[in-house]
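Structure at a glance
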Amino acid sequence: VQLQACGGGLVQAGGSLRLSCAASGRTFSKYVMAWFRQAPGKEREFVAGIRWSGGVTYYADSVKGRFTISRDNAKNTVYLQMNSLKPEDTAVYYCAARSVPLIRTAVYEYDYWGQGTQVTVSS
């Protein structure tokens, strides 16, 4: 399984970014895809997850109402639309996949990881 994340960048507080994660190497219909983030000096934390089949989603409280996770089955791609960005959203964002169709928030629950993409929100 290969996960390729992109879409990070520098944005002012209140702005928006959309991250993409292209998945390849497997049939993902029974997978859960998720976004995590890691700020300097902090542990990696769960941001949002989506069950590939059925589209069930789950969000961390810190991003609920501002971020939206979605998937495009035809493109095998998962997106994270981030609106109303805050400086505290600054982190390296990672996409991840687990081969069990239940959304979990712990890092160790995920089998596959993409490379990170930097998101920086200036105040």
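Look a little higher up for the structure.
Residues numbered from 1 in each chain as written. Predicted model: local features only at pLDDT ≥ 70, side-chain atom pairs only at ≥ 80, totals over all residues. Heavy atoms only, no water.

1. Here's the deal with the overall build of the chain
What counts is decided by this rule: Strands are runs of DSSP state E lasting at least two residues, helices are runs of H or I lasting at least four, and both sets are numbered from the N terminus onward. Just to be clear, the radius of gyration here is over C-alpha atoms, and the globule rule we use is 2.2 Å times residues to the power 0.38. Residue exposure (1.4 Å probe, protein chains only): buried if accessible area is under 20% of the type maximum, exposed if over 50%, otherwise partly exposed. Contact definition: two residues touch when any of their heavy atoms are within 4.5 Å. Only the protein chains shown count as cover for residues, and the accessible areas themselves come from Shrake-Rupley with a 1.4 Å probe. Positive residues here are Lys and Arg, negative ones are Asp and Glu, while His and the chain termini are left out of the count. Where a charge lies is defined by one atom per residue type, namely NZ (Lys), CZ (Arg), CG (Asp) and CD (Glu).
For the chain, the helix and strand inventory stands at zero helices and 11 strands. Ordered by position from N to C terminus, the α and β elements of the chain give β-β-β-β-β-β-β-β-β-β-β. Relative to its length of 123 residues, the chain is compact, with a C-alpha radius of gyration of 13 Å against a globular reference of 14 Å. Its C-alpha atoms give the chain principal-axis dimensions of about 40 × 30 × 25 Å. Among the 123 residues that make up the chain, the fraction classed as buried is 41%. Taking the intrachain contacts of the chain between residues at least 6 apart in sequence as the baseline, contacts between residues at least 24 apart amount to 57%. With the model as given, the accessible surface of the chain reaches about 6,200 Å², and the carbon-plus-sulfur share is 47%. For the chain, the separation between the mean place of its 14 positive charges and that of its 8 negative charges on side chains is 7 Å.

2. Comments concerning the state of the cysteines
Counted only if it meets this: Sulfur atoms of two cysteines make up a disulfide when they are within 2.5 Å.
Summed over all chains, the structure comprises one disulfide. Covalently, C21 is tied to C95 through a disulfide, its sulfur atoms 2.2 Å apart. Across the S-S bond linking C21 and C95, the dihedral sits near 60°, which makes this disulfide right-handed. Highlighted residues: C21 in strand β3 (residues 17-24) and C95 in strand β9 (residues 91-98), separated in sequence by 74 residues. Per residue, the accessibility class of C21 equals that of C95, and both read buried. Free cysteine C6: the closest other cysteine sulfur is in C21, separated by 8.6 Å.

3. Some remarks on the sheet that holds β3
Here is the rule we go by: One bridge is not enough; two strands pair if DSSP finds at least two bridges between them. Here the axes come from fitting lines to C-alpha atoms, over the contacting stretch only for helices, and the angles between their N-to-C directions go from 0 to 180 degrees.
The antiparallel open sheet is built from four strands, whose spatial order is β1-β3-β8-β7. Each edge of the open sheet carries a strand with a single partner, namely β1 (2-6) and β7 (67-72). The sheet shows a mean angle of 15° between the axes of neighbouring strands, direction not considered. Bridging between β1 and β3 involves five bridges; their strand directions are antiparallel. Note on β3: the bridge partner recorded for L3 is A23.

4. Topic: the nonpolar core
Here is the rule we go by: Here, nonpolar core means buried Ala, Val, Leu, Ile, Met, Phe, Trp, Tyr and Cys residues that are tied together by side-chain atoms lying within 4.5 Å of each other.
Among the nonpolar cores identified, the biggest contains 38 residues, and M33, W35, L80, M82 and Y93 are the most heavily contacted of them. Looking at this core, the elements that each hand over two or more residues are β1, β3, β4 (32-38), β5 (45-51), β7, β8 (77-82), β9 and β11 (117-122). In contact with M82, not counting residues within four places along its chain, are G15, S16, L17, L19, R66, F67, Y93 and V119.

5. Thoughts on unusual backbone geometry
For N76, which is not glycine, the phi torsion reads 50° and is therefore positive. Looking at where N76 falls in the secondary structure, it is placed in the loop between β7 and β8. Here the phi dihedral of S84 falls at roughly 50°; this positive angle occurs in a residue that is not glycine. By secondary structure assignment, the location of S84 is in the loop between β8 and β9. The class of S84 is partly exposed, set by a relative accessible area of 41%.

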